[in-house]
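# An overview of the molecular structure
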Amino acid sequence: MKDILAIHGGKPVRETYLPYGRQWIDEEDIKAVVDILKGDYLTTGPTIKAFEERIADYVHSKYAVAISNGTAALHAACFAAGIKEGDEVITTPMTFAASANCVLYQGATPIFADIDPKTYNLNVEAVERKITEKTKAIIPVDFTGQAVDLDKILKLAEKYGLIVIEDAAHALGTSYKGKKVGSISDMTTFSLHPVKHITTGEGGVITTNDETFYNQLRMFRTHGITRDARLLELKGQGAWYYEQLALGYNYRITDIQCALGMSQLGKLESFIQKRRDLVKQYHGSLASIDGIILPYESAFSDSSWHLYIVQLALEKFTVGRKEIFEALQAENIGVNVHYIPVYYHPYYQQLGYKKGLCPNAETLYENSITLPLFPMMEAQDVEDVVTAIKKVLNYYRKA
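An account of the accompanying structure is given in this report. From a predicted model like this one, the values you see are computed outputs, not experimental measurements.

Looking now at the overall build of the protein chain. Summing up its helical and strand segments, the protein chain has 13 helices and 14 strands in all. Taking 2.2 N^0.38 as the reference for a compact globule, 399 residues should give roughly 21 Å; the C-alpha atoms of the protein chain span a radius of gyration of 22 Å, in line with that estimate. Here the protein chain holds 399 residues, and 57% of them are scored as buried. Across the protein chain, every contact between residues at least 6 apart in sequence was considered, and the portion connecting residues at least 24 apart equals 72%. Put simply, the protein chain has 42 plus and 48 minus side-chain charges, and the middle of one group is 2 Å from the middle of the other.

Let us look at the sheet that holds strand β13 (residues 308–312). In spatial order, the strands read β12-β13-β14; together these three strands make up an open sheet with antiparallel pairing. Two strands bound the open sheet, and with one partner strand each, they are β12 (292–293) and β14 (368–371). Of the strand pairs in this sheet, β13 and β14 are connected by four bridges, and their pairing is antiparallel. Bridge pairing in β14 links Val310 to Ile369.

Glancing now at the sheet that holds strand β2 (residues 88–91). The pairing of strands in a sheet happens through backbone hydrogen bonds and is either parallel or antiparallel. Taken in spatial order, the seven strands make up an open sheet running β1-β9-β8-β5-β4-β2-β3, and their pairing is mixed. The sheet terminates laterally at β1 (63–67) and β3 (109–112), the two strands that pair on one side only. Strand-to-strand twist of the sheet, defined as the mean angle between neighbouring strand axes without regard to direction, takes the value 25 degrees. Strand direction decides the pairing type here: β1 and strand β9 (residues 204–208), joined by five bridges, are antiparallel. By the bridge assignment for β9, Ala66 is matched with Val205. Against the sheet, helix α3 (residues 70–80) makes contact with β1, β4 (135–139), β5 (163–167), β8 (187–191) and β9, and its axis sits at roughly 165 degrees relative to β8, the strand it touches most. Across the sheet, helix α7 (residues 211–220) touches β1, β5, β8 and β9, and the angle it forms with β1 is around 15 degrees.

Time to look at the environment of Asp149. Among the secondary structure elements, Asp149 is positioned in the loop between β4 and α6 (150–160). The class for Asp149 is buried, based on a relative accessible area of 15%. Excluding residues that lie within four positions of it along the chain, Asp149 makes contacts with Tyr176 and Phe300.

Attention shifts here to helix α12 (residues 359–367). Every buried residue belonging to α12 is among Ala361, Glu362, Leu364, Tyr365 and Asn367, and all of these are buried. Of the surrounding secondary structure, the elements contacted by the buried residues of α12 are β13, α10 (321–330) and β14.

For the rest of this paragraph, the subject is the environment of Ile67. Tracing the chain through its elements places Ile67 in strand β1. When its relative accessible area of 0% is taken as the criterion, Ile67 is described as buried. Once the C-alpha coordinates of Ile67 and Gly284 are considered, the two residues, 217 residues apart in sequence, prove to be 39 Å apart.

Bringing the packing of α3 against α7 into the picture now. α7 packs onto α3 with a crossing angle of 125 degrees between their chain directions and a minimal axis gap of 9 Å. By the angle between their axes, α3 is oblique relative to α7. When the axes of α3 and α7 are compared, the crossing they make is right-handed. Of the residues in α7, those in contact with His75, Ala76, Ala77, Phe79 and Ala80 of α3 are Phe213, Gln216, Leu217 and Phe220. Split into classes, the residues belonging to the contact of α3 with α7 amount to seven nonpolar, two polar and no charged.

Axis angle and axis distance: for two packed helices, these are the angle between their axes and the distance between the axes, and together they describe the pair. Two elements in contact, helix α2 (residues 46–59) and helix α8 (residues 255–265), have axes separated by 8 Å at closest approach and are oriented at 35 degrees. Read as a crossing pair, α2 and α8 show a hand that is left-handed. Of α8, the residues touching α2 (which contributes Pro46, Thr47, Ile48, Ala50, Phe51, Arg54 and Ile55) are Asp255, Cys258, Ala259, Gly261, Met262 and Leu265. Residues belonging to the contact of α2 with α8 are distributed by class as follows: nine nonpolar, two polar and two charged.

Let us look at the pairing of β2. The side-chain alternation of β2 yields two buried faces, one formed by Glu88 and Ile90 and the other by Val89 and Thr91. Bridge count for β2 against β3 is four bridges, and the pairing is parallel. When the bridges of β3 are listed, Ile90 appears paired with Ile111. Viewed along the sheet, the connection from β2 through helix α4 (residues 98–105) into β3 turns out right-handed. Two strands pair when backbone bridges link them, and β2 and β4 are joined in this way by four bridges, in the parallel orientation. Residue pairing in the sheet places Glu88 in a bridge with Thr135 of β4.

About the criteria used
Residues numbered from 1 in each chain as written. Predicted model: local features only at pLDDT ≥ 70, side-chain atom pairs only at ≥ 80, totals over all residues. Heavy atoms only, no water. Helix = DSSP H or I, 4+ residues; strand = E, 2+ residues; numbered from the N terminus. Rg over C-alpha atoms; globule rule 2.2 N^0.38 Å. Buried < 20%, exposed > 50% of the residue type's maximum accessible area, 1.4 Å probe, protein only. Contact = heavy atoms within 4.5 Å. Lys, Arg positive; Asp, Glu negative; His and termini not counted. Charge placed at Lys NZ, Arg CZ, Asp CG, Glu CD. Pairing = 2+ DSSP bridges. Axes fitted to C-alpha atoms, helices over the stretch in contact; angles between N-to-C directions. Parallel < 35°, antiparallel > 145°, perpendicular 65-115°, else oblique. Left-handed = near helix turned anticlockwise from the far one by under 90°. Nonpolar A, V, L, I, M, F, W, Y, C, P; charged D, E, K, R; others polar. Right-handed = clockwise from strand over helix to strand, strands pointing away.

Have a look at this one:
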């Protein structure tokens, strides 16, 4: 006999709502922020530099630049790469809009290439088919926390003289063939939003091994202004002197945020391990459910598991993804969907992009659901999610 779904008046699996993601803030984090509030610097002080050094050390890059948010990180990277009007930049549609918007900010054109149907990351062959004489860069996204095949991407970039800006908003802590993401591409961007692996409230970071990119990134986040004597056009001025060398933005991060980031960074490895433990539990509990396709894990990358996405074999059910999604929400399971393909958005449609560009990405969007995953979850929370999935899918399963 089928249980009555909560959406139809039955009792929910959970009494309280379980979100799909949530930050973990403890007393140590709060003290770190309070100490800054009691100190001399609230913004553009020494804690920013200390945080940047810690990030660079963690990912094994030469440089790191902390910035106001993950979107600003992508924008800054596009600026440093010299992307401009008339250029094209290839990226994935299976991402948050910022991965393409950053190209538009520079007056260039985003070009969408399809994804690999197994990894959900950019398909390298699809990328190569999109390369033209106007192509300036590739922005691959490490979707859900699993690294794109960076060796293939970088080899392609070298062949055509392109810059690789790796969007690793999902992948802080991920390794590719034994190397930390953040140390491999020309530039790598991270997000420090509350649902990510660590948070500064809002914030982002760009890592690079290139000193020229590093200088451009630092200048861009502060209006295009620098005090660096090596970069000034007019030498020999006083210590007060500075110059605006480019049209930058006020994308500064604060000491308050970076103090939180420093505290959070000390817990990053434990956060990632907790995510991996929860994923292992999900794998074990969901594998036997007919009608669910579990995430694929590639041999060349581990994953820091920002998201846990399953696909539904909708032909096995009497309803579509929307009805299943709403039924799970009614059971107090905070499922989500990642992502609406970027070119589906009305703004991109107005720019001339049409549905049908990337069939694999579109299929993933139509069939996928994101399950709750964050370090504060416990084993019982995963059991609740699995119980709700079984309850809903059993109710809607075709006879």
